[in-house]
Amino acid sequence: MLEIKNLKAGIGNVQILKGIDLDIKAGEVHAIMGPNGSGKSTLAKVLAGDPKVEVTSGTIRYLGGDLTAMEADVRARAGVFMAFQYPIEIPGVNNASFLRMAFNAKRKQNGEEEMDPLEFDEFVKQKMKIVEISPDFLMRSVNAGFSGGEKKRNEILQMAVLSPKLAVLDETDSGLDVDALRIVASGVNQLRSKENAILLVTHYQRLLNYIVPDFVHILSNGKIIKSGDKSLALEVEEKGYDWLLPCSEQTIRGTERK
Amino acid sequence: MSAHQLDDSKTYRDLLSALKPPPQTSWQSLQQASLARFQALGFPTRHHEGWKYVPVERILNTACAEKLSGVVSDKGQALLKPYFLEKTNFERIAFVDGMLDQSSSVIKHLPAGVRLISLAAALEEQKDLQERLAARLTEEPNALAAANGFQFQDGVYLFVPKHQKLTLPIHLLIAQLGHHGNALSQHLRFAVELADDAQAEIVCDHLGMTEQSYLSNTVFEFTVGRHARLKCFNIERHGRAAIHLNAMRFFLKEDARLDLLSYSHGGITTRNDLHVTFEGPNASCYLKGLAVMNDDSQTFQHVHVKHQVPNCTSRQVFKNIAAGRGVTEVNSLVHMVRDAQKSDSHQLIRNLLLSPAAHAYARPQLKIYADDVKAAHGAATGQLGREELFYLKSRGLSEKMARFVLTYGFAEEIVEDIPFPTIRSQIETDMKNEIEKLVT
Ligand SMILES: Nc1ncnc2c1ncn2[C@@H]1O[C@H](COP(=O)(O)OP(=O)(O)OP(=O)(O)O)[C@@H](O)[C@H]1O
Ligand SMILES: [Mg+2]
């Protein structure tokens with residue numbers, strides 16, 4: 001479904017991703033872990049089509065097509081969804097109508113009829129039950145004044161409404177209480193199917209108890225330095241990242257600590 | 001432009017320079033007072049305070065017909081009809097190309113003692129009204145609003161007596177059809193007096209249905225009595241070549257409350273002078289404005305709230321959206337005199353610029369001579385946020401749709417609590433159409 005080859009990308013003059021190779025097939029769940037600043041969010045943004053991030057070399061193929069040639073909205077309508085690490089507040093834009101517009105934009109793309117507001121209301125309320133968000137949130141502006149955890153749940157609600165083929169979740173578990181974590185996980189697990197793929201960015205192995213990944217990758221300094229199965233996450237939890245890093249970086253980190 | 005003009009057109013400057021009231025009016029003393037005031041103020045120039053950014057030359061050089069023919073054709077009637085707001089019950093008085101149009105006006109039910117008549121008729125009957133209006137003119141700061149006092153052709157007088165509440169809101173439809181081929185100019189004046197405890201809702205609906213250039217100089221004077229309450233909606237939907245000078249003066253007595261909403265789009269030049277004077281304590285005013293500018297449109301909102309007595313509250317939110325080479329200015333002065341203790345004011349100006357050539361001038365100003373007051377103000381000008389745009393696009397909204405949603409979201413707060421569904425939906429439709437054009 002997604003094939004990333006030797007991807008290099010940066011913001012402005014800063015090179016952040018330094019050659020990523022990643023192959024995700026339909027039906028798989030991949031987790032990406034790695035130290036702060038290693039480029040996890042940058043990778044997520046590249047996949048979503050953030051114009052801030054510039055791809056300098058390499059290829060990304062999605063369902064056989066060139067993903068980098070597509071604008072962010074085209075990707076979204078083609079089934080790519082990225083849950084933001086820091087969801088954006090949009091005061092003045094009603095959450096319900098935003099959800100409906102997004103939903104209908106995709107329907108239209110697929111040649112389906114748009115859903116009218118009443119019908120959509122029913123539909124979205126069902127989805128809200130799954131992620132346990134009160135319908136009050138429909139009346140509010142998108143993310144405006146939402147608590148950290150509420151924003152994350154709203155991302156999952158959007159995902160549930162749009163039912164993407166490829167979902168990229170950037171630290172959706174950070175800042176969630178245990179209940180919310182369970183809810184987010186069940187939202188993701190509902191999406192899990194033979195046709196869909198999921199890429200989870202996380203710092204905590206905790207989430208992976210709820211959503212069991214097929215593969216775990218460690219991203220460090222813009223490169224995937226190790227891949228494995230879910231046991232890799234446990235190992236990281238226990239030992240940290242240092243043992244995985246190349247010697248040169250270990251020393252630097254070591255000196256910093258003194 | 002000259003193809004449209006007949007020989008009798010002059011410029012607005014010519015008309016003003018003649019300095020003579022039109023003949024045969026029975027409100028000579030009002031005219032004399034305004035003439036005197038106009039002469040004392042002189043022609044505005046860009047060097048005058050309050051006219052710095054306003055294209056005064058363009059205004060003064062607009063072609064104006066001295067007389068207007070006032071027959072509204074069936075075709076004209078048909079054009080106007082969709083704007084009658086018929087789904088809500090209104091009293092309606094319509095002016096078409098400067099003339100009172102009886103056939104488009106309808107008065108349904110006026111409570112006892114309420115007067116709703118042509119200003120010309122009211123002035124004829126009531127000498128004291130003429131004196132009250134003349135007295136107000138001595139303080140008029142805007143020369144062109146003063147000029148309206150000797151040029152106005154007609155208008156409306158509304159009086160609501162003590163403890164009385166209008167059964168129906170009033171819809172003043174002020175339309176330009178421009179089918180006569182003349183250069184158009186209209187000078188209308190409206191006087192509203194709400195006695196103590198009275199209540200009224202008034203829609204001042206300026207509508208341009210022609211791309212021909214025209215000049216509209218309208219003056220509204222509202223006296224809001226003790227405990228009285230006025231809700232006023234000023235809606236300006238002009239043709240592209242329109243020039244509109246609109247002066248609204250509100251005088252609030254003790255405990256009075258004013259809610260004003262102003263919506264404006266189109267027109268090459270629109271100047272709104274919104275002045276509120278607190279004449280009695282504990283009064284309050286809530287002013288909201290939205291202007292949408294495209295191409296070469298320019299809108300100038302000059303707000304002046306005068307806290308002349310203690311304990312009054314004023315709130316202002318003005319938002320502007322400018323695209324193309326649009327220009328917006330909000331110049332808002334809150335003035336608190338020495339005795340105006342415990343005054344409380346809040347001014348907020350927010351501009352959204354959608355193109356590099358658009359301009360916004362935001363000037364919240366304070367003149368405070370009392371020491372125990374609250375006065376907050378803020379102004380911000382910005383563009384659509386890249387992060388917000390990306391967020392919306394990442395959910396499948398096209399670039400255009402995302403820009404539309406953000407722009408509409410910026411504006412919507414101003415109009416969302418309009419209590420009349422017909423007006424709200426007309427304004428919303430108008431906003432959608434205008435914003436649609438801006439984001440392409
Ligand atoms: N706009 C920018 N300009 C310059 N550098 C940037 C910019 N945005 C991100 N970076 C840098 O890119 C690197 C990778 O950032 P990224 O957000 O992808 O890290 P991350 O792995 O998601 O970290 P975290 O775990 O803290 O979320 C960081 O060093 C960051 O400072
Ligand atoms: Mg991150």
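All values derive from a computational prediction rather than experimental measurement.

Let's shift gears to the overall build of chain B. Across its full length, chain B holds 10 helices and 21 strands. Scaling as 2.2 N^0.38, a compact globule of 440 residues should have a C-alpha radius of gyration of about 22 Å, and chain B matches this with 21 Å. The principal-axis extent of the C-alpha atoms belonging to chain B is close to 65 × 60 × 45 Å. The proportion of buried residues among the 440 residues of chain B is 59%. Of all intrachain contacts in chain B linking residues separated by at least 6 positions in sequence, the fraction that spans at least 24 positions is 84%. For chain B, the accessible area works out to roughly 16700 Å², and carbon and sulfur atoms hold 50% of it.

Here we take up helix α10 (residues 421-438) of chain B. All names here are of chain B. An ideal rise of 1.5 Å per residue puts 26 Å on 18 residues; α10 measures up with 25 Å between its terminal C-alpha atoms. Regarding α10, the residues found buried are T422, I423, Q426, I427, E428, D430, M431, E434, I435 and L438. Against the buried residues of α10 lie β9 (199-208), β11 (229-237), β13 (257-265), β15 (284-293), β17 (313-322) and α9 (399-415).

Glancing now at the pattern of salt bridges. Residues and elements named next belong to chain B. Here the structure, examined in full by the defined rule, presents 36 salt bridges over all chains. Of the charged contacts, one joins R132 and D128 as a salt bridge, the two residues approaching to 3.2 Å between their closest N and O atoms. With R132 and D128 both in helix α6 (residues 127-137) and four residues apart, this pair spans about one turn of that helix. Where R226 meets E254, a salt bridge forms, and the shortest distance between an N and an O atom there is 3.8 Å. Taken together, the residues span a long stretch of sequence, with R226 in the loop between β10 (214-224) and β11 and E254 in the loop between β12 (242-252) and β13 at a distance of 28 residues. Judged by relative accessible area, R226 falls into the partly exposed class, the value being 38%.

One way to see where empty space is left: roll a probe the size of a water molecule over the atoms. All names here are of chain B. Taken as a whole, the second largest pocket holds about 470 Å³ of empty space. Around the second largest pocket, the lining comprises 21 residues; the ones closest to its centre are E49, G50, P141, R271 and H275. Contributions of two or more residues to the lining of the second largest pocket are made by β14 (269-278), β16 (298-307), β18 (327-336) and β20 (359-368). Along the lines of polarity and charge, the residues of the lining of the second largest pocket split into seven nonpolar, 10 polar and four charged.

This part is about the site of ligand 1. Residues and elements named next belong to chain A. Neighbouring ligand 1 are 14 residues, the closest being G37, K40, S41, T42 and H203. In the model, an oxygen atom of ligand 1 is placed 2.5 Å from a nitrogen or oxygen of the T42 side chain. If ligand 1 stood free it would expose 640 Å²; the protein chains cover 62% of that surface. The greatest single-element share of the shell around ligand 1, amounting to three residues, is contributed by helix α1 (residues 40-48).

Residue and element names in this part refer to chain B. What the domain assignment lists for chain B is domain 1 (12-280) and domain 2 (385-440). One C-alpha centre belongs to domain 1, the other to domain 2; they are set 31 Å apart. If you look at the interface, domain 1 gives 16 residues, while domain 2 gives 13 residues. The contact between domain 1 and domain 2 buries some 1300 Å² in all, and 68% of this surface belongs to carbon and sulfur atoms. Considering only the surface of domain 1 that becomes buried against domain 2, F233, L261 and Y263 emerge as the three largest contributors, covering 35% of it. Taken together, the links from domain 1 to domain 2 amount to one salt bridge. Linking domain 1 with domain 2 are six residue pairs in polar contact (both at pLDDT 80 or more), by the criterion used here. Those elements that provide at least two residues to the side of domain 1 that touches domain 2 are β9, β11 and β13. When its residues are assigned to classes, the side of domain 1 that touches domain 2 shows 10 nonpolar, two polar and four charged.

Take the packing of helix α6 (residues 148-162) of chain A against helix α7 (residues 178-191) of chain A next. All names here are of chain A. Contact geometry of α6 with α7 gives a least axis separation of 10 Å together with a crossing angle of 15 degrees. Overall, the two elements α6 and α7 adopt an arrangement that is roughly parallel. Of the two possible hands of crossing, α6 and α7 adopt the one that is left-handed. Residue-level inspection shows R153, I156 and M159 of α6 in contact with α7, the latter providing A180, I183, V184, G187, V188 and L191. Here the contact of α6 with α7 is composed, by residue class, of seven nonpolar, one polar and one charged.

With that settled, consider the UniProt feature "domain: SUF system FeS cluster assembly SufBD core" (unreviewed entry) in chain B. The UniProt record marks residues 184-410 of chain B with the feature "domain: SUF system FeS cluster assembly SufBD core" (unreviewed entry), using the residue numbering of this structure. Between the C-alpha atoms that bound residues 184-410 of chain B there is a distance of 35 Å. The span itself is 9% helix and 62% strand.

Our next topic: the environment of S17(B). All names here are of chain B. In this fold, S17 is placed in helix α1 (residues 12-18). Separated by 342 residues in the primary sequence, S17 and H359 place their C-alpha atoms 33 Å from one another. Looking at S17, its side chain comes within polar contact range of the main-chain oxygen of R13, at 2.6 Å.

A few words now on the side chain of N246(B). Residues and elements named next belong to chain B. As for its position among the elements, N246 is in strand β12. On the basis of relative accessible area, N246 is assigned to the buried category, the value being 2%. Among the polar contacts made by the side chain of N246, one reaches the side chain of T218 at a distance of 2.7 Å. Only 3.3 Å separates the side chain of N246 from the side chain of E236, close enough to count as a polar contact.

On to the interface of chain B and chain A. Taken together, the contact between chain B and chain A spans 18 residues of the former and 30 residues of the latter. Summed over both partners, the interface of chain B with chain A buries about 1900 Å², with 68% contributed by carbon and sulfur atoms. The largest per-residue losses of area from chain B upon contact with chain A belong to F390(B), Y391(B) and R395(B), which jointly make up 41% of the total buried on that side. Counting the contacts that link chain B with chain A gives three salt bridges. K393(B) is paired through a salt bridge with E71(A); the nearest N and O atoms lie 2.6 Å apart. The interface formed by chain B and chain A holds 10 residue pairs in polar contact (both at pLDDT 80 or more) in total.

Cut-off values and rules
- Residues numbered from 1 in each chain as written.
- Chains lettered and ligands numbered in written order.
- Predicted model: local features only at pLDDT ≥ 70, side-chain atom pairs only at ≥ 80, totals over all residues.
- Heavy atoms only, no water.
- Helix = DSSP H or I, 4+ residues; strand = E, 2+ residues; numbered from the N terminus.
- Rg over C-alpha atoms; globule rule 2.2 N^0.38 Å.
- Buried < 20%, exposed > 50% of the residue type's maximum accessible area, 1.4 Å probe, protein only.
- Contact = heavy atoms within 4.5 Å.
- Areas by Shrake-Rupley, 256 points an atom, 1.4 Å probe, with all protein chains shown as cover.
- Expected span 1.5 Å × (residues − 1).
- Salt bridge = Lys/Arg side-chain N within 4 Å of Asp/Glu carboxyl O.
- 1 Å grid on protein atoms, 1.4 Å probe; cavity = no way out; pocket = protein on both sides within 12 Å on 5 of 7 lines; lining within 4 Å.
- Points joined across faces, edges and corners; volume = space filled by probe spheres on them.
- Nonpolar A, V, L, I, M, F, W, Y, C, P; charged D, E, K, R; others polar.
- Near = heavy atom within 4 Å.
- Polar contact = N/O pair within 3.5 Å; in protein donor to acceptor, adjacent residues only side chain to side chain.
- Domains from an automatic or database assignment.
- Buried area = accessible area lost by both parts, 1.4 Å probe.
- Axes fitted to C-alpha atoms, helices over the stretch in contact; angles between N-to-C directions.
- Parallel < 35°, antiparallel > 145°, perpendicular 65-115°, else oblique.
- Left-handed = near helix turned anticlockwise from the far one by under 90°.
- UniProt positions renumbered as here; feature names shortened; annotations may be inferred.

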